[in-house]
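Chain by chain, the residues:
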Amino acid sequence: MEEIRELFLGTIKEKIEKLKTLEEAEKLRVNVFGRNGMIKSKFKEIKKLSPEKRAEFGKVLNNTKREIELLLSEKIKRLKEMEKQNEIIEKTVDLTLPGARRSFGRLHPITQVIQECVDVFSKMGFEVVEAPEIETSYYNFKALNTPEWHPARDLHDTFYVDDERLLRTHTSPVQIRTMESRKPPLRIVSPGRVYRKDYDSSHLPAFFQIEVFAVDRDISIADLKATLENAIKSILGKDKRVRFRPHYFPFTEPSIEVDVSFLEGKNRWLELLGAGMIHPQILRNAGLDPNEWQGFAFGMGIERIAMLKYGIDDIREFPRNYLGFLKNF
Ligand code: DAH
């Protein structure tokens, strides 16, 4: 009798131990306790026994049944816990995994250079002012001593919105607008987009300039020179040399052009900006008395500065917006 019990219990015990999922456990439960299950078929064997042995056999079978039930229900409990654990693991973020790299955006190199220039001039006491990109021909030309017949207009051909309004060709109109609306002393820096009929490796139809000017009671060309040298060295590096050449602009007298050294040792110079002392007629046009007020002014191309700063030889790289290029800044 004991032998039957051992054998029966042994095989089922082994099966219970091998169970891996609740599904398997359920199958085994049906197999053992189901209507055509192993227990039922063992009980059927009772009939074959002599009446004396039947009672004992029944008792042993019932005990065995209870033992199996206990073993199986314990196993099921453990399996349930395991599955719960697995579910938690599946649903939880694994903080030890390497992160997905996220690439951060950044400012366009031209925006960076604008901000840097504005920063340099702000620290020197200049105030940031903005002016419209659609300008009247009066502010863009006439008020800056450039009447319609003036040859300087050739270099400033632009897009006209209507007979009177155009896309500004330089940031200089901000001089007139500011002097008209505010009393000097003035120290102004004004960055912005300007437009011309140009397109090659060093010219764009839409580009950026930064206009800087000061109006006060006794401003001389020495102030212009000191401001420029200081600013250029701050922006482009202390090793840069600056060269002044006489030039002509309708709105300054005297006028100069300023070059910066590049390819040190090879004595190469790059034209960077136009400058001068504000023409007395410009002050008059804006309602100021030139006997009382003087000023200096200069305007520089932002892309030119960026090209020098980063060693770029084609200005068209900037508006191309090719990521491989932009990622270098
Ligand atoms: N507006 C001139 C240009 O775009 C540059 C310039 C020259 C600006 C002389 C100035 C200046 O303020 O004084 O070509």
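Just above, that's the structure.
Structure report, in brief. (Residues numbered from 1 in each chain as written. Predicted model: local features only at pLDDT ≥ 70, side-chain atom pairs only at ≥ 80, totals over all residues. Heavy atoms only, no water.)

**Quick word on the site of the ligand**
Surrounding the ligand, one finds 15 residues, the nearest of these being H170, S172, R196, Q209 and E211. In this structure, S172 approaches the ligand through a side-chain N or O atom, which is 2.9 Å from a nitrogen atom. Backbone polar atom of A297 to an oxygen atom of the ligand: 3.1 Å apart, as the coordinates give it. In isolation the ligand exposes 360 Å². Once the protein is present, 93% of that is buried. Within the residue set of the shell around the ligand, elements represented by two or more residues are strand 5 (206-216), strand 8 (268-278) and strand 9 (294-301). Among the residues making up the shell around the ligand, the classes are represented as five nonpolar, eight polar and two charged. (Near = heavy atom within 4 Å. Polar contact = N/O pair within 3.5 Å; in protein donor to acceptor, adjacent residues only side chain to side chain. Areas by Shrake-Rupley, 256 points an atom, 1.4 Å probe, with all protein chains shown as cover. Helix = DSSP H or I, 4+ residues; strand = E, 2+ residues; numbered from the N terminus. Nonpolar A, V, L, I, M, F, W, Y, C, P; charged D, E, K, R; others polar.)

**Concerning the environment of G125**
Counting through the fold element by element, G125 comes out in the loop between helix 5 (109-123) and strand 1 (127-128). G125 sits in the partly exposed class, given a relative accessible area of 48%. Expressed as a C-alpha distance, the spacing of G125 and T111, which sit 14 residues apart in the sequence, is 21 Å. (Buried < 20%, exposed > 50% of the residue type's maximum accessible area, 1.4 Å probe, protein only.)

**Let's talk about the nonpolar core**
Within the largest apolar cluster, 45 residues are counted, with the highest numbers of intra-cluster contacts made by F121, I232, L273 and F298. Residues within four places of L273 in sequence aside, it is in contact with L228, I232, I256, E257, V258, F298, G299 and M300. (Core = buried A, V, L, I, M, F, W, Y, C linked by side-chain atoms within 4.5 Å. Contact = heavy atoms within 4.5 Å.)

**With respect to the packing of aromatic side chains**
As enumerated under the stated definition, the model contains eight aromatic pairs in all. Measuring from ring centre to ring centre gives 5.9 Å for F121 and F126, while their planes differ by 80 degrees; the resulting arrangement is edge-to-face. Considered together, F121 and F126 belong to a single accessibility category, that of buried residues. Centroid distance F325 to F329: 5.1 Å. Interplanar angle 65 degrees. Geometry classified as edge-to-face. Accessibility assignment for this pair places F325 and F329 in one class, buried. Three or more aromatic residues link up through ring pairs in this structure, and these residues are F121, F126, F296 and F298. In this structure, R177 is placed above the aromatic ring of Y139, and the distance from its NZ or CZ to the ring centre is 4.3 Å. (Phe/Tyr/Trp six-rings, centres within 6.5 Å; stacked < 30°, edge-to-face > 60°. Lys NZ or Arg CZ within 6 Å of the ring centre and 35° of its normal.)

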